[in-house]
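So you can see what is in the structure, the chains are spelled out below.
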Amino acid sequence: MSSPFAEIAPRYDSLRPLRPPDQARLEAMLAAAASPSPTLSDRDLIVEVGCGTGRLTIPLAGLTPARVVGVDPEARMLDVARAKDADRRIEWRPGTAYRLPVARDQATLVLMAMVVHLLKQRTRAFREARRILKPAGQLSLWTFTQQDIRDFYLNGYFPSIPLIDLARFPDHRTIESELIRAGFETVTTKIEREQGEISLAEVVDRVRGRYISTLALLPPLEYRLGLQQLEEQLAAAPATTLTQRLEWAIVTATKSAAGSAAIEA
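Residues numbered from 1 in each chain as written. Predicted model: local features only at pLDDT ≥ 70, side-chain atom pairs only at ≥ 80, totals over all residues. Heavy atoms only, no water.

*Asks:* Explain the packing of aromatic side chains to me, please; I cannot follow it from the model alone.
*Replies:* Any aromatic ring pair is given by two values, namely how distant the centres are and how the planes are angled relative to each other. By the definition in use, this model includes five aromatic pairs. Taking the centre distance of 5.0 Å and the plane angle of 80 degrees together, the rings of Phe152 and Tyr153 count as edge-to-face. For the pair formed by Phe152 and Tyr153, the shared burial category is buried. When the ring of Phe158 is compared with that of Tyr223, the centres are 6.3 Å apart and the planes differ by 20 degrees; the resulting orientation is stacked. Of this pair, Phe158 sits in the loop between α7 (146-150) and α8 (160-168) while Tyr223 sits in helix α11 (residues 220-236), and the two are 65 residues apart along the sequence. Looking at Arg25, its charged tip hangs above the ring of Trp142, at a distance of 5.6 Å from the centre. Above the plane of the ring of Trp248 lies Arg25, whose end atom (NZ or CZ) is 4.4 Å from the centre. (Phe/Tyr/Trp six-rings, centres within 6.5 Å; stacked < 30°, edge-to-face > 60°. Buried < 20%, exposed > 50% of the residue type's maximum accessible area, 1.4 Å probe, protein only. Helix = DSSP H or I, 4+ residues; strand = E, 2+ residues; numbered from the N terminus. Lys NZ or Arg CZ within 6 Å of the ring centre and 35° of its normal.)

Given below as structure tokens:
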């Protein structure tokens, strides 16, 4: 049986388009990773873990001369990414967060965007990210806060979403503790908030495409009834918009400049 990510791969980018705040987060992340230098160089390596279709990887590569590697376990997602990578600047490699296809002490920056809630063994994955980082290298984690999940704009249509995702998405304080346990020496979190309007037509299209993995975890009847409610509202008032509020936890963890001493499990 194919995974939900294999099934969604051809439409993933249209269902989850890159937005200006995403671009701003990429730029801020690169600036932080380069500090105190102004920018990264072609001697630096950036690894995105769970790169999917390259939705963030390709624009990231366009912002830096650094070498970029995208890693994902789903072959169909990587096929889409390779097809979009016109400049062929990015290396697309199959792999998991627990076994990254990168040698020890190679990366200046590792990015995990919307990945931690999919990990069954987060501390193990964080240790693996630390393994491939150079001394003083950084791991950047992007995830939604638990408050974001409580306020999610689709909760009224799909009541099980917060029940499912509060169990899947760890609080940022839990992530910080796990990163320290994994051997990172400095861990900080920045909370970012966004708000905007989204057309009901776009919402219906996204929900039909199960644009977030949680929709595939709903009871089938709840999914059908929630989608039906959205479709009926769209038919009655096609110009309707919904307010979407997002709250991100951007967690940055730095490996000690002293080197890569082994961290025991």
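*Asks:* In this structure, what is going on with the pairing of strand β3 (residues 90-94)? I would like to understand it.
*Replies:* As a general feature of sheets, a regular strand has side chains that alternate between the two faces. Summarising the sheet, strand β2 (residues 67-72) and β3 pair through five bridges and their orientation is parallel. By the bridge assignment for β3, Val69 is matched with Glu91. Note on the crossover from β2 through helix α5 (residues 75-84) to β3: the handedness is right-handed. (Pairing = 2+ DSSP bridges. Right-handed = clockwise from strand over helix to strand, strands pointing away.)

*Asks:* Please explain the pattern of salt bridges as it appears in this structure.
*Replies:* Charged atoms that come close allow side chains of opposite charge to pair. Summed over all chains, the structure comprises 20 salt bridges. For Glu91, the salt bridge identified is with Arg93, shortest N-O distance 2.5 Å. Judged by its relative accessible area of 37%, Glu91 is partly exposed. Residue Arg206 pairs with Glu202 through a salt bridge whose shortest N-O separation is 3.0 Å. With Arg206 and Glu202 both in helix α10 (residues 200-208) and four residues apart, this pair spans about one turn of that helix. Look at Glu202 and you get partly exposed, because its relative accessible area is 32%. Each of Arg19, Asp22, Arg25, Arg55, Lys190, Glu192 and Glu194 takes part in a single network of salt bridges with overlapping partners. (Salt bridge = Lys/Arg side-chain N within 4 Å of Asp/Glu carboxyl O.)

*Asks:* Looking at this model, I keep getting lost on α11. Mind explaining?
*Replies:* Three- or four-residue spacings in an α-helix give side chains the same orientation, since the helix completes a turn every 3.6 residues. Compared with an ideal rise of 1.5 Å per residue, which puts 17 residues at 24 Å, α11 spans 24 Å between its outermost C-alpha atoms and is within 8% of the ideal. Among the residues making up α11, those that are buried are Glu222, Tyr223, Gly226, Leu227, Leu230 and Leu234. An end-on view of α11 places all buried positions within 125 degrees of arc, on one side of the element. Along α11, exposed side chains directed more than 90 degrees from the buried face belong to Pro220, Ala235 and Ala236. Packed against the buried residues of α11 are α8 and α10. (Expected span 1.5 Å × (residues − 1). Arc of directions from axis to C-beta. Contact = heavy atoms within 4.5 Å.)

*Asks:* Got a minute to help me understand the side chain of Ser160 in this structure?
*Replies:* Inspection of the secondary structure assignment puts Ser160 in helix α8. In this structure Ser160 comes out as buried when scored by relative accessible area, which is 15%. Not counting chain neighbours up to four residues away, the residues in contact with Ser160 comprise Leu218, Pro219 and Glu222.

*Asks:* Explanation requested: the nonpolar core in the structure shown.
*Replies:* Nonpolar side chains in soluble globular proteins tend to be buried together. Ranked by internal contacts, the top residues of the largest apolar core, which has 29 residues, are Val47, Val110, Phe126, Leu139, Leu141, Leu179 and Phe184. When contributions to this core are tallied by element, the ones reaching two or more residues are β1 (45-49), β2, β4 (107-113), α6 (122-132), β5 (133-144), α9 (172-181) and β7 (241-254). It is α6 that provides the largest number of residues to this core, a total of four residues. Leave out the neighbours within four places in its chain, and Leu141 touches Met112, Val116, Phe126, Ile175, Leu179, Ala249, Ile250 and Val251. Counting residues in hydrophobic clusters, the runner-up holds 28 residues, among them Met29, Ala34, Ala81 and Ile149. (Core = buried A, V, L, I, M, F, W, Y, C linked by side-chain atoms within 4.5 Å.)

*Asks:* I tried to follow α10 on my own but got confused; where do I start?
*Replies:* Along α10, the positions that sit buried rather than exposed are Leu200, Val203, Val204, Arg206 and Val207. Considered in projection along α10, the buried side chains sweep an arc of 165 degrees and stay on one side of the axis. Packing partners of the buried residues in α10 comprise α2 (12-15), β6 (186-199), α11 and β7. Just past α10, the residue Arg210 takes up positive phi, approximately 50 degrees.

*Asks:* Whenever I open this one, the environment of Arg55 confuses me. Can you help?
*Replies:* Positionally, Arg55 belongs in the loop between β1 and α4 (57-61). Note: C-alpha distance between Arg55 and Val102 (47 residues apart in sequence) is 21 Å. Once residues within four sequence positions are removed from consideration, Arg55 is found in contact with Tyr12, Asp13, Arg16, Pro17, Leu18, Asp22 and Lys84. At 2.5 Å, the side chain of Arg55 forms a polar contact with the backbone oxygen of Arg16. (Polar contact = N/O pair within 3.5 Å; in protein donor to acceptor, adjacent residues only side chain to side chain.)

*Asks:* Even after reading the chapter, I still don't get the environment of Pro238, so can you show me in this structure?
*Replies:* Looking at where Pro238 falls in the secondary structure, it is placed in the loop between α11 and β7. The exposure class assigned to Pro238 is exposed, which follows from its relative accessible area of 57%.

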